[in-house]
Amino acid sequence: MQHATPSCQLPHARTGDSRQKSTPQVSELAPLNTPANQQWISTTTGRIATDGYSWMQAVHWISGSGLYTPSRNHGPKWGPTTIVIAQEIANLTECRPSVDYLARKLRCSTRTVKYHLGMLREAGLLVYRSKGTRITGSIRHASVFERVIPVAFDEALGIRCTLRDTTQPAYTRTPVGIAEEGRKLIGKLAKKAARKTRRRARRTPVSRGQRCTLRGGGTSASSSAGTSTGPSESSKLASGTHSSPTPKKSKRTLNRVGRRYQLAGELVALMPWLSRAPKARVAWVARHVADAGWTALEVQAVVEQDRPIADGTVRRGSALLACRLRGVHELYSTPARRQTAVAHWRDQRCNEHARHEAYDLITGPISSNAVRRLVQGVVNRLHQPTPEPVSNEDTFTITADTDATTTVQPVDFDDETIREGHKAALANPSIVTAALAGGMTEDTANALYGAGAVIRAQGIARATARGYLRLDAR
């Protein structure tokens, strides 16, 4: 309404007034891609959402603005599943979503949940307050997040924020107003935040082949009532001259993902320091070598080519595997190069010693009752008193018809002789070797010195002959 006097007119708003803040266009804003070092509560540039409802408004705005693009080239993209996961997170009193809980609630895999949580962090909507633990075999703690509204959302809608307490961090600022241009958009986002989004149900594709109908009718529109199968056709099928119209299913072959999981299972079973790593993570780390057709032995040869890796010295086996496998699929690009690496790994004496020692080490309690009884029996026999060695007085001479003399050691020794023989063989294995070289049979040596001492003495003799062991270094 126009007044007669100019004094009654309302003055125009000042250009420097913060309440008349102009909102920039979406195309003028920078793309949203929060680096990893800014995905923490102490380094974020956004503000903590006051409630889940206002946070969902920012989630829907980022979903429709197109400012965010995932930094990775694989895996799922931003879509309805991301919105559903955000809805579950918005309903939590404490923002501590468990990956297994979200996977059960949404009926999807844990890897899918991790992908979408990563996208929410990259978009600046979630930040870490504390990171959980992922050590298999111990208590796993879920990560604690904070729902954050990025600065781009406040700038696009003209939301004015203030820091009520100057001693507090910048992420505690609260909104106090909104520009006139952003009121209509915030109303639309409020309706979307109040509406519950559901995941799209998967539709099982129907086979394109002919459907199976009665009397071999197929999908033809013509009726089969006037036609009948003659005896000649049935006799041909029965005799085997004609093939069946329903082909047999061929043996299922693994695709690329299946091959990765197969190699991951073989690696976990082959290398003990990977036993606590999740199979899915190992499959992801070894994806390049699995796609190149590597075997588990070739991977072990390349990873442990310098020295063998003990189980107790590795905290996160998947991280060590990723470090050792970085770029090796390009270095060993042919099967011949990989076989050369395997041969070099087998020829190293430290790796050979580790492979032989692996059979003698027991890293934990024995779960099998039969094996426990067997081990207890061996321990009891080892703690038995050792017999004494045989003396020259116990030998006797047999004269044959050919006038040849042969010295024979009796097999049935007394307990004292056997005890002394065990003690002497344990102290000096060369006694067993000298006795066998002097004509004593292996059965007699087993009875006198013990089978374990005989095997040990023979192994030392073979190692000495090949140059692996020097007797003066013992």
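Rules of the game
Residues numbered from 1 in each chain as written. Predicted model: local features only at pLDDT ≥ 70, side-chain atom pairs only at ≥ 80, totals over all residues. Heavy atoms only, no water. Helix = DSSP H or I, 4+ residues; strand = E, 2+ residues; numbered from the N terminus. Buried < 20%, exposed > 50% of the residue type's maximum accessible area, 1.4 Å probe, protein only. Areas by Shrake-Rupley, 256 points an atom, 1.4 Å probe, with all protein chains shown as cover. Pairing = 2+ DSSP bridges. pLDDT = per-residue confidence, 0-100. Contact = heavy atoms within 4.5 Å. Axes fitted to C-alpha atoms, helices over the stretch in contact; angles between N-to-C directions. Parallel < 35°, antiparallel > 145°, perpendicular 65-115°, else oblique. Core = buried A, V, L, I, M, F, W, Y, C linked by side-chain atoms within 4.5 Å. Nonpolar A, V, L, I, M, F, W, Y, C, P; charged D, E, K, R; others polar. Phe/Tyr/Trp six-rings, centres within 6.5 Å; stacked < 30°, edge-to-face > 60°. Lys NZ or Arg CZ within 6 Å of the ring centre and 35° of its normal. Salt bridge = Lys/Arg side-chain N within 4 Å of Asp/Glu carboxyl O.

Looking only at helices and strands, the protein chain features 20 helices and seven strands. Within the protein chain, buried positions represent 29% of all 474 residues. Carbon and sulfur atoms provide 52% of the accessible area of the protein chain, an area that totals close to 32400 Å².

Turning next to the sheet that holds strand β2 (residues 126–130). With respect to topology, three strands assemble into an open sheet ordered β1-β3-β2, the strand pairing being antiparallel. Each of the sheet's edge strands pairs with one partner strand only, and the pair in question is β1 (47–48) and β2. Here β1 pairs with strand β3 (residues 144–149) via two bridges, running antiparallel. Opposite R47, over in β3, you have I149 as the bridge partner.

Attention now goes to the environment of G79. Secondary-structure assignment places G79 in the loop between α1 (52–65) and α2 (80–90). Distance from G79 to H116, taken between C-alpha atoms, is 9.2 Å for residues 37 residues apart in sequence.

When pLDDT is averaged along the protein chain, the result is 76; 69% of the residues meet or exceed 70. This stretch, residues 206–230, has a pLDDT under 50; its non-local contacts, to residues over four places away or in other chains, come to seven contacts. In the model, residues 470–474 has pLDDT below 50 throughout and makes four contacts with residues more than four positions away in sequence or in other chains.

In contact at an axis separation of 7 Å, helix α17 (residues 415–427) and helix α19 (residues 442–449) are set at 95° when each is read in the N-to-C sense. Comparing the axis directions of α17 and α19 gives the class roughly perpendicular. When α17 is examined against α19, the residues T417, I418, G421, H422 and A425 are found in contact with a partner set consisting of A447, L448 and Y449.

This paragraph deals with the nonpolar core. Residues W55, W61, W78 and L125 are the most contacted members of the largest nonpolar core, which totals 41 residues. Of all the secondary-structure elements, those providing two or more residues to this core are α1, α2, α3 (99–106), α4 (110–122), β2, β3, α5 (151–157) and α6 (183–194). Contact partners of W55, with chain neighbours within four places excluded, come to A49, A86, I89, A90, L125, L126, R147, V148 and I149. Ranked by size, the runner-up nonpolar core spans 25 residues in total, among them W273, V303, V328 and Y332.

A word on the packing of α3 against α4. One can describe the packing of α3 onto α4 by two numbers: an axis separation of 9 Å at closest approach and a directional angle of 110°. In terms of axis orientation, α3 runs roughly perpendicular to α4. Packed against α3, whose contacting residues are V99, D100, L102 and A103, the element α4 presents T110, V113, K114 and L117 at the interface. Its residues assigned to classes, the contact of α3 with α4 shows five nonpolar, one polar and two charged.

The phi angle at R107 is positive, at roughly 60°, despite the residue not being glycine. Looking at the element boundaries, R107 is found in the loop between α3 and α4.

What follows concerns the environment of L32. Turning to its location among the elements, L32 is positioned in the segment before β1. We classify L32 as buried; its relative accessible area is 11%. Taking the C-alpha atoms as reference points, L32 and P150, 118 residues apart in sequence, are found 9.0 Å from one another. With residues near it in sequence (within four places) discarded, L32 still touches W61, I62, L67, Y68, T69, E122, A123 and A152.

Time to look at the packing of aromatic side chains. Inspection of the entire model under this criterion finds five aromatic pairs. Consider the rings of W40 and Y128, whose centres lie 5.1 Å apart with planes at 40°: the pair is tilted. Here the residue W40 occupies a position in the segment before β1, and Y128 occupies one in strand β2, the gap between them amounting to 88 residues. The partly exposed category is assigned to W40, whose relative accessible area is 31%. Judged by its relative accessible area of 8%, Y128 is buried. Centre to centre, the rings of W294 and Y332 are 6.2 Å apart; their planes meet at 85°, and the pair counts as edge-to-face. Taken as a pair, W294 in the loop between α10 (287–291) and α11 (296–303) and Y332 in the loop between α13 (328–331) and α14 (335–347) lie far apart in primary sequence, 38 residues in all. The rings of W40, Y128 and F145 are connected pair by pair, giving a single aromatic cluster. In this arrangement the basic side chain of R111 is found over the ring face of Y115, its NZ or CZ atom lying 5.6 Å from the centre. Taking the ring centre of W284 as reference, the NZ or CZ of R287 above it sits at 3.7 Å.

Further remarks concern the pattern of salt bridges. With the rule as written, the count across this model stands at six salt bridges. Across the salt bridge formed by D154 and R47, the nearest N and O atoms sit 2.9 Å from each other. With D154 in helix α5 and R47 in strand β1, the pair connects residues that are 107 residues apart, well separated along the chain. Here E298 ties to R338 by a salt bridge, and the two come within 3.0 Å at their closest N and O atoms. Pair noted here: E298 is in helix α11 and R338 is in helix α14, with a separation of 40 residues, a long-range link. On the basis of relative accessibility, which here comes to 5%, the residue R338 falls in the buried class.

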